[in-house]
Amino acid sequence: MAEAGSFTERVKQQADIVRVVGEYVRLKKTGKDFSGLCPFHQEKTPSFTVSPVKQIFYCFGCGKGGDVFSFVREMEKCEFPEALRIVAEKCGIALPSPRERSPEERHENQQRALILEMHRAAQAFYTKQLESTPEGRVASAYLEDRGLEVRTIEQFGMGYAPSGGDALLRHLRPKYKDEKLLAASGLISRDQSGRLFDRFRRRITFPIANEGGKIVAFGCRALGDDQPKYLNSPETPIYSKSHVLYHLDRAKEALRRQDFAILVEGYMDAIAVARAGISNVVASCGTSLAEPQIKLLARFTKRVIVNYDPDSAGQAATERSVALLLEQDFEVKVLALPSIGEKKADPDLFIREKGAEEYLKLLRLAPPYVDYLIARARQMDMTTGEGKLRAVNFLLPYLQKIPNKLLRSEWATRIAQQLRLDEPVLRAELGRAAKERRSELKAQPEMLSRLAKPVERRLIRMLADAEDFKVELARRLQQDRLYQGMEAEKIIAAMIGANLAAEPLSTAEVAATLEERDRRLFFEVLFEEEDVATWEEAESCLAALERRQVEHAVAQVQRDIEAQPAGANLRGLLERKQDLMRRLAAHSEN
């Protein structure tokens with residue numbers, strides 16, 4: 001939350017969300033709000049709404065919502081500081097002068113700058129070793145045997161880390177004498193005795209650059225049988241592996257132009273695909289695909305073809321990546337390359353053996369992720385009921401993520417046909433699974449309209465809008481935990497926390513803390529037309545919740561009695577039940 005009096009808070013107070021959004025979307029006044037065609041998905045009927053009173057937006061079609069900053073971030077594909085600058089400029093608010101950095105911040109910036117320098121120096125050292133030393137010539141021969149020409153080696157900055165234990169260290173030490181800084185760079189390691197030595201030895205080096213093209217790390221492949229086969233830089237002040245995608249610095253323009261990305265596992269795969277004339281390729285080197293990497297990629301495109309290795313580890317990585325990409329609303333296809341003889345083919349091997357044209361052909365035919373997953377499910381034992389159940393359970397989490405109801409229905413039919421299942425039975429199972437796993441669903445608005453009882457929806461509105469008594473209402477709900485067990489429990493808990501906090505949170509800030517299902521419901525309720533709430537109505541809601549709480553307690557005591565009809569605690573349980581029934585009768589009289 002922005003601090004009171006801060007520049008962010010000042011911009012937020014002065015920004016007119018209708019005017020800012022109106023520069024991107026043609027808005028039409030509808031009652032007290034404004035509506036238009038959503039800029040985040042294709043639609044013919046307006047479902048995008050902007051509230052000038054609450055200073056928030058929400059789309060009832062795709063579920064995106066938030067404040068003026070989150071809208072600009074989505075439209076401009078930028079981080080918060082840039083969105084803040086854009087909104088300030090649109091509102092004619094002068095940007096403040098950069099604040100004076102503390103000594104600690106200046107020191108950290110100097111350290112990062114020096115480590116970047118060291119990586120540039122290391123890159124020059126490694127390329128020289130590859131070009132002009134006997135060991136380097138052996139490495140060059142290996143690369144040529146992999147089909148890489150000198151031009152490609154130079155283009156991708158490949159180099160060689162010699163086998164000596166401190167060759168790079170001796171090269172760096174005359175200029176960088178601080179041993180702590182050398183160790184922090186990730187280029188140099190320290191043994192148990194405290195002695196410094198080169199982290200990378202007898203390995204081909206691949207420079208890893210950040211989005212801006214600055215070298216921040218190295219990925220290295222061993223020559224011979226040295227283990228591990230691949231070794232990457234550790235986390236450093238300039239490198240966080242979950243925030244960097246290999247080749248993104250070169251692929252940015254192609255990603256924007258072609259509006260899709262090919263996602264591979266390793267540097268050699270990325271290089272092979274790029275050499276085939278396909279520039280829009282990135283790799284998640286040295287790590288499983290992570291959410292920050294997906295958000296980074298989303299700045300350039302929301303369409304991905306996943307082309308990981310076909311072995312069991314690659315299949316597991318593909319399935320995990322598909323799930324993460326779907327959660328971020330990506331359109332996903334999967335390319336599973338056929339084997340070459342008895343060898344399972346990764347992109348590098350396939351292109352070397354079959355050529356770029358064959359790879360391009362398969363790329364164009366890459367199926368949607370559900371087709372790939374159905375094919376994976378069919379590999380299971382489908383001759384038994386247990387096998388079919390395993391196949392359905394394998395597919396279910398992905399099926400639930402399909403956002404379009406008609407498409408989801410179509411895929412349910414295809415799954416039934418391809419797995420030879422009874423379609424009505426499958427649909428019934430899917431319906432039950434939806435009820436049991438609602439927190440995992442990417443629900444549609446029409447589904448959300450049936451979620452949360454009227455009393456819960458009314459409580460959400462009162463906690464958001466009833467300025468006269470929403471704090472007291474939050475206190476009463478919190479006191480006896482009356483909201484626990486509700487379908488909207490997480491939303492109401494968040495609103496209670498927001499109202500009871502020392503500095504109350506705005507509705508947009510509360511929404512940002514919720515999972516997608518709850519966030520959708522929250523925005524939907526906020527935009528409902530309701531009469532002005534009164535404290536008498538709030539007390540009526542509280543009484544209904546108290547009665548519900550007692551009813552649940554009675555049911556639990558009855559279950560305990562039935563579970564142990566001759567137990568030692570039977571008398572106590574019966575007395576407890578009588579007391580609860582008296583309370584229930586008192587509620588009925590009131």
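First, a word on scope: everything that follows refers to the structure included in this document. Model, not experiment: these values are computed from the prediction. (Residues numbered from 1 in each chain as written. Predicted model: local features only at pLDDT ≥ 70, side-chain atom pairs only at ≥ 80, totals over all residues. Heavy atoms only, no water.)

Some thoughts on the overall build of the protein chain
And then number 1: A tally of helices and strands in the protein chain yields 27 helices and 15 strands.
And then number 2: Looking at the protein chain residue by residue over its 590 residues, the buried ones come to 46%.
And then number 3: A separation threshold of at least 6 residues defines the contact pool for the protein chain, and within that pool the share at least 24 residues apart is 63%.
And then number 4: When the accessible surface of the protein chain is summed, it comes to about 30300 Å², and 49% of that surface belongs to carbon and sulfur atoms. (Helix = DSSP H or I, 4+ residues; strand = E, 2+ residues; numbered from the N terminus. Buried < 20%, exposed > 50% of the residue type's maximum accessible area, 1.4 Å probe, protein only. Contact = heavy atoms within 4.5 Å. Areas by Shrake-Rupley, 256 points an atom, 1.4 Å probe, with all protein chains shown as cover.)

Re the packing of helix α21 (residues 454-465) against helix α22 (residues 470-479)
And then number 1: At their nearest, the axes of α21 and α22 sit 8 Å apart, and the two run at 130° to each other. Our classification of the angle between α21 and α22 gives oblique. When the axes of α21 and α22 are compared, the crossing they make is left-handed. Taken together, the residues of α22 that come into contact with α21 (itself represented by L459, M462, L463 and A464) are K470, L473, A474 and L477. (Axes fitted to C-alpha atoms, helices over the stretch in contact; angles between N-to-C directions. Parallel < 35°, antiparallel > 145°, perpendicular 65-115°, else oblique. Left-handed = near helix turned anticlockwise from the far one by under 90°.)

A closer look at the pattern of salt bridges
And then number 1: Counted by the stated rule, this structure contains 28 salt bridges.
And then number 2: Residue D67 pairs with K12 through a salt bridge whose shortest N-O separation is 3.3 Å. Separated by 55 residues along the polypeptide, D67 in the loop between β5 (65-66) and α3 (68-76) and K12 in helix α1 (residues 7-14) bring together distant segments of the chain.
And then number 3: The class for D67 is buried, based on a relative accessible area of 12%. (Salt bridge = Lys/Arg side-chain N within 4 Å of Asp/Glu carboxyl O.)

Details of the pairing of strand β4 (residues 56-59)
And then number 1: Taking every second residue as pointing to the same face, both faces of β4 are buried, with I56 and Y58 on one and F57 and C59 on the other.
And then number 2: Bridge analysis of strand β3 (residues 48-51) against β4 gives 4 bridges, and the strand direction is antiparallel. Within β4, the residue paired with T49 across the bridge is Y58.
And then number 3: Where β4 lies against β5, 2 bridges are found, and the strand directions are antiparallel. Following the sheet pairing, F57 is matched in β5 by G66.
And then number 4: Two successive antiparallel strands, β4 and β5, enclose a turn made up of 5 residues, where G63 displays a positive phi of approximately 90°. (Pairing = 2+ DSSP bridges.)

Here we look at the packing of helix α5 (residues 103-132) against helix α6 (residues 134-145)
And then number 1: Where α5 contacts α6, the two axes come as close as 5 Å, and the packing angle between them is 85°. Here α6 runs roughly perpendicular to α5, going by the angle between their axes. Between α5, through Q129, L130 and S132, and α6, the contact on the second element is made entirely by G136, R137, A139, S140 and L143.

Describing the environment of Y58
And then number 1: Counting through the fold element by element, Y58 comes out in strand β4.
And then number 2: What makes Y58 buried here is its relative accessible area of 1%.
And then number 3: In the structure, Y58 is positioned 465 residues away from F523 in sequence and 6.6 Å away in space, judged by C-alpha atoms.
And then number 4: Excluding residues within four positions of it along the chain, Y58 makes contact with S47, F48, T49, G63, K64, G65, R520, F523, E524 and F527.
And then number 5: There is a polar contact of 3.3 Å between the side chain of Y58 and the backbone oxygen of R520. (Polar contact = N/O pair within 3.5 Å; in protein donor to acceptor, adjacent residues only side chain to side chain.)

Quick look at the sheet that holds β3
And then number 1: In spatial order, the strands read β1-β2-β3-β4-β5; together these 5 strands make up an open sheet with antiparallel pairing. A single partner strand is all that each edge strand has here, and the edge strands are β1 (28-30) and β5.

Notes on α5
And then number 1: Between the first and last C-alpha of α5 there are 43 Å, a value that for 30 residues agrees with the 44 Å anticipated at 1.5 Å per step.
And then number 2: Looking only at α5, the buried set comprises I115, L116, M118, H119, A122, Q123, F125, Y126, T127, Q129 and L130. (Expected span 1.5 Å × (residues − 1).)

Thoughts on the nonpolar core
A general trend in soluble globular proteins is that nonpolar side chains are found buried together.
And then number 1: Grouped together as the largest cluster of nonpolar side chains are 68 residues, with contacts concentrated most on Y246, I262 and Y359.
And then number 2: In this structure, L297, V370, L373 and A391 belong to the second largest nonpolar core, which totals 41 residues. (Core = buried A, V, L, I, M, F, W, Y, C linked by side-chain atoms within 4.5 Å.)

Regarding the sheet that holds strand β15 (residues 331-334)
And then number 1: Reading across the sheet, the 4 strands line up as β13-β12-β14-β15 and stay open at both edges, with parallel pairing between neighbours. Of all strands in the sheet, those bounded by a partner on one side alone are β13 (281-283) and β15. Taken over all neighbouring pairs, the strand axes of this sheet differ in orientation by 30° on average, direction set aside.
And then number 2: Looking at chain direction, strand β14 (residues 303-306) and β15 are connected through 4 bridges and run parallel. When the bridges of β15 are listed, I305 appears paired with K333.
And then number 3: Helix-sheet contacts for helix α10 (residues 248-258) involve β12 (261-264), β13 and β14, and the interaxial angle to β13 is about 135°.
And then number 4: Those strands touched by helix α13 (residues 312-327) are β14 and β15, and its axis lies near 165° from that of β15.

Observations concerning the environment of D259
And then number 1: Positionally, D259 belongs in the loop between α10 and β12.
And then number 2: With a relative accessible area of 33%, D259 lands in the partly exposed category.
And then number 3: Sequence separation between D259 and R303 is 44 residues, and the spatial gap between their C-alpha atoms is 6.7 Å.
And then number 4: In contact with D259, not counting residues within four places along its chain, are A254, F300, T301, K302 and R303.
And then number 5: Here T301 takes part through its side chain, which lies 2.9 Å from a polar atom of the side chain of D259.

Purely geometric stuff here, so don't read any function into it on its own.
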